[in-house]
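Residue-level structure breakdown
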Amino acid sequence: VQLQASGGGLVQAGGSLRLSCAASEGTFASYHMGWFRQAPGKERAFVAGISRRGGGTSSADSVKGRFTISRDNAKNTVYLQMNNLGPEDTAVYYCAARYSTSTFVSRGGAEYAYWGQGTQVTVSS
C-alpha cells in the first residue's frame, strides 16, 4: 500500500493543523493506521493509531487531549487533527499502515510495514 501524507506547515504556538494520509490500497479498511513523528536529533516516536474500522484508538501521553486521529475508509484516508500545538510538536510526521485483524492498536513502529513520505510540521513560539 502506498501512503501520501499532507497537511503539514508552519503554525504559531496554540494553533491547529490537520494532517491527512491518503492510501492507494483499495483494502485500506484492512489496515490499522498510525501517525509517528521524528524531531531533529530524536528517534521516531508514536503519536496516535487507529484500528481498521476506527473502533479502537491509541495516543501518546504527550498529545492526549490535543490530537485526534480519525479515518474515513470510504476515502482511504486517515487524519490527525492537531490542536493547541506547541514548539515541542515540531517534527516530520509520518503515517504508517499495519495489516491487522485484531482491535489492538500497536505503538511499535517496527510493526508497521508501510510508510508515507512524511510531512513537516513547524510550530513557532
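I will try to describe carefully the structure that is included in this document. Everything numeric here is computed off the predicted structure, so don't read it as measured data. (Residues numbered from 1 in each chain as written. Predicted model: local features only at pLDDT ≥ 70, side-chain atom pairs only at ≥ 80, totals over all residues. Heavy atoms only, no water.)

Below, the discussion takes up the packing of aromatic side chains. The description of two aromatic rings rests on the distance between their centres and on the angle between their planes. What the rule picks out here adds up to 5 aromatic pairs. Measuring from centroid to centroid gives 5.9 Å for Y31 and Y114, while their planes differ by 85°, and the two rings are edge-to-face. Of this pair, Y31 sits in strand β4 (residues 31–38) while Y114 sits in strand β10 (residues 114–115), and the two are 83 residues apart along the sequence. The buried category is assigned to Y31, whose relative accessible area is 9%. Ring centres of F36 and Y112 lie 5.2 Å apart, and the angle between their planes is 75°; on these two criteria the pair is classed as edge-to-face. Separated by 76 residues along the polypeptide, F36 in strand β4 and Y112 in the loop between β9 (91–99) and β10 bring together distant segments of the chain. (Phe/Tyr/Trp six-rings, centres within 6.5 Å; stacked < 30°, edge-to-face > 60°. Helix = DSSP H or I, 4+ residues; strand = E, 2+ residues; numbered from the N terminus. Buried < 20%, exposed > 50% of the residue type's maximum accessible area, 1.4 Å probe, protein only.)

The next thing to look at is the nonpolar core. Ranked by internal contacts, the top residues of the largest apolar core, which has 34 residues, are M33, W35, L80, M82 and Y93. Going through the elements one at a time, β1 (3–6), β3 (17–23), β4, β5 (45–50), β7 (67–72), β8 (77–82), β9 and β11 (119–124) are the ones with two or more residues in this core. Among the elements that make up this core, the one with the highest residue count is β9 (5 residues). In this structure M82 touches G15, S16, L17, L19, R66, F67, Y93 and V121, once residues within four positions along its chain are discounted. (Core = buried A, V, L, I, M, F, W, Y, C linked by side-chain atoms within 4.5 Å. Contact = heavy atoms within 4.5 Å.)

Judged from the 8 bridges that link them, β4 and β9 form a sheet pairing that is antiparallel. Each residue of the ladder has a partner; that of Q38, found in β9, is V92. (Pairing = 2+ DSSP bridges.)

Strand order in the open sheet formed by 4 strands is β1-β3-β8-β7, and the pairing between neighbours is antiparallel. Since the sheet does not close on itself, it has two edges, and those belong to β1 and β7, each with one partner. Strand-to-strand twist in this sheet, taken as the mean axis angle between neighbours without regard to direction, amounts to 15°. As judged from the 6 bridges shared by β3 and β8, these two strands associate in the antiparallel manner. For A22, the partnering residue across the bridge sits in β8 and is T77. (Axes fitted to C-alpha atoms, helices over the stretch in contact; angles between N-to-C directions.)

That is the geometry; function is a separate question.
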